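The lines below spell out each chain.
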Amino acid sequence: MDVTVLCRLLDGWADGDGQLPQRLADAVAALVAADHLADGAILPPQRELAAALGIARGTVTTAYDLLAAQDCVQARQGSGSRVRRRGVLTAKGATSGRLSSFAGHGHDEIDLSSGALPGLPGVVGAFARLDPIELAAEVATDGYHPAGLPRLREAIAAQYTRDGLDTAPDQILVTSGSQQALWLVAHTLVSAGDEVVVEDPTYRGGLEAFRDAGAALLTVPRRVDGLDVCAVEALLRTRRPRAFYVQPAAHNPTGTSLSSAQRAALADVLTGHGVHVIEDTSSADLVLDGAGFRPSLAGQLDPRRVVTIGTTSKLLWGGLRVGWVRAAPAVVQTLTRMRTTIDIGTPVADQLVAADLIATTADLRRRRTADLVPALAATEELLAARRPHWRWVRPSGGTSLWIDLGDADAVTFVEQARRRGVRMVAGPSFSAFEGQRSHLKLPFWHPPARLATALDRITGA
Ligand SMILES: Cc1ncc(COP(=O)(O)O)c(C=O)c1O
């Protein structure tokens, strides 16, 4: 297994008691027990792991020996140390360490690992305004709405229409967050071994969903000036991928948006090759560059071959867990059938709140922009003063800066920062093949004082 993946999974390994080799061995054993390391996975070479963790090679050697002694790995001369699992529950897909961003950490730790924003106060008001009569009417039913509460499907469709893309409620499937939408689409559209094109870098939850569905990933570079449409065309001329996963606006993690010329060129190429397009617009509401909301690419694509994924997580609050798929009605029906095998439906109260607030999307977008633009300026000023050698291109949307560290290795940097009480995510997490090693994703919305303390702590890392 790749050393950067193991480092991510080993998050916090050095915090425990005992000698360092024992702590490392315990952390690896815990990963094996928790099913994060597949049976037969080969641990990285000792020298590589030692370099990535910033520890002596002998520490890794002793840790591997301890693991072999407890029969947790099998050491074979010349073929490395292999994981031996004897557990009962086995997850089919491998996780990539993203869980640590949701884990809640020591109170002294500064967590810069997630771009997720706190919710808007309006969410509290909307819960308080829930109409008891409407709620009572819902409670009098069985409460299951696999495709989504009709009122919410209407509200989402109406918002697409206001944004310039005519949409009917039967084109909407409400999901529990856009992560579930991605998972459903990946598992419905992709069979094991199908090729799926992803941008490099891209959203790490997307990579997990496609990998989990058994996709063979192909990549096209997502650069600071957008997507390389010529590279997409060249790829589609030689391969016949099943699907293309793209974030046209406020791309996570780079914050870039495609220009109208790039959008038109991309739509032409994708339509010409008949590839299914999975358009993820999760961050598109968060506009920073004054150019306004970029409407979905779906209006320029064959409606039978495009699904658009959206969410209330960025605009409102991640805790609502309301996302959706916009697709042709027949596709929505197929996805709905699949969805009933997972959670049957999204909580009704959350859907009622979302339906209320989605009607005020234009105001909410303005509110988010009004908060994020000064936060971006303050962070840029701080970084220019404290880290003049870091480079980034001002994002057109989203919540993070995609920092280029130049010659420094971001994986090592993140590991050292973590030991100093600052949690961040390095580029390889966002890359299908563990690339982007010189990059770091840094959320810019934290109060400048917190960011300044984090920068103080990591000085010299
Ligand atoms: C591009 C993208 N897609 C999907 C998601 C998942 O969001 P949620 O499940 O909270 O709607 C995120 C969250 O960060 C994201 O950035």
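Residues numbered from 1 in each chain as written. Predicted model: local features only at pLDDT ≥ 70, side-chain atom pairs only at ≥ 80, totals over all residues. Heavy atoms only, no water.

**Q** Sorry if this is basic, but what is going on with the overall build of the protein chain here?
**A** Tallying secondary structure elements over the protein chain gives 16 helices and 15 strands in all. In terms of overall size, the protein chain behaves like a compact globule, its C-alpha atoms giving a radius of gyration of 23 Å where 461 residues would be expected to give roughly 23 Å. Taking the principal axes of its C-alpha atoms as reference, the protein chain extends roughly 65 × 55 × 50 Å. Put simply, the protein chain has 461 residues, and 53% of those count as buried. Excluding contacts between residues fewer than 6 apart, the proportion of contacts in the protein chain whose partners are at least 24 apart in sequence is 73%. (Helix = DSSP H or I, 4+ residues; strand = E, 2+ residues; numbered from the N terminus. Rg over C-alpha atoms; globule rule 2.2 N^0.38 Å. Buried < 20%, exposed > 50% of the residue type's maximum accessible area, 1.4 Å probe, protein only. Contact = heavy atoms within 4.5 Å.)

**Q** Looking at this model, I keep getting lost on the sheet that holds strand β14 (residues 425-426). Mind explaining?
**A** Strand pairing in a sheet takes place through backbone hydrogen bonds and is either antiparallel or parallel in direction. Strand order in the open sheet formed by 3 strands is β12-β15-β14, with antiparallel pairing between adjacent strands. The sheet is open, and its two borders are formed by β12 (400-404) and β14, each paired with just one other strand. (Pairing = 2+ DSSP bridges.)

**Q** Even after reading the chapter, I still don't get the packing of aromatic side chains, so can you show me in this structure?
**A** Aromatic ring pairs are defined here through the distance separating the ring centres and the angle between the ring planes. Under the definition given, this model contains 3 aromatic pairs. Aromatic side chains tryptophan 402 and phenylalanine 430 sit 5.7 Å apart centroid to centroid with 90° between the ring planes, which places their arrangement in the edge-to-face category. One end of the pair, tryptophan 402, is in strand β12; the other, phenylalanine 430, is in the loop between β14 and β15 (439-443), and 28 residues separate them in sequence. The residues tryptophan 402 and phenylalanine 430 share a single accessibility class, namely buried. Across from the ring centre of tryptophan 390, 5.5 Å away, lies the NZ or CZ of arginine 387, which sits over that ring. (Phe/Tyr/Trp six-rings, centres within 6.5 Å; stacked < 30°, edge-to-face > 60°. Lys NZ or Arg CZ within 6 Å of the ring centre and 35° of its normal.)

**Q** Would you mind showing me how to read unusual backbone geometry here?
**A** Residues aspartate 200 and proline 201 are joined by a peptide bond in cis, for which omega reads 10°. Along the chain, proline 201 falls in the loop between β5 (195-200) and α9 (204-212). Put simply, asparagine 252 and proline 253 share a cis peptide bond, and its omega is 20°. As for its placement among the helices and strands, proline 253 is situated in the loop between β8 (243-246) and α11 (260-273). The backbone of alanine 250 sits at a positive phi, close to 50°, despite the residue not being glycine. On the secondary structure map, alanine 250 appears in the loop between β8 and α11. Look at alanine 250 and you get buried, because its relative accessible area is 3%. Within the chain, glutamine 436 stands out as a residue other than glycine whose phi angle is a positive 60°. With respect to the helices and strands, glutamine 436 occurs in the loop between β14 and β15.

**Q** Would you take a moment to explain the site of the ligand for this structure?
**A** What surrounds the ligand is the set Gly177, Ser178, Gln179, Tyr203, Gln247, Asn252, Asp280, Ser282, Thr311, Ser313, Lys314 and Arg321. Serine 178 has a polar backbone atom sitting 2.7 Å from an oxygen atom of the ligand. The side chain of arginine 321 places a nitrogen or oxygen atom 2.8 Å from an oxygen atom of the ligand. Considering the ligand on its own, with 400 Å² of exposed area, one finds that the protein chains cover 88% of that surface. (Near = heavy atom within 4 Å. Polar contact = N/O pair within 3.5 Å; in protein donor to acceptor, adjacent residues only side chain to side chain. Areas by Shrake-Rupley, 256 points an atom, 1.4 Å probe, with all protein chains shown as cover.)

**Q** Any chance you could explain the environment of serine 429 here in plain terms?
**A** Along the polypeptide, serine 429 turns up in the loop between β14 and β15. Looking at serine 429, the relative accessible area reads 5%, which means it is buried. Distance in space between the C-alpha atoms of serine 429 and aspartate 280 is 18 Å, their sequence separation being 149 residues.

Without other data, these values stay purely geometric and don't point to any function.
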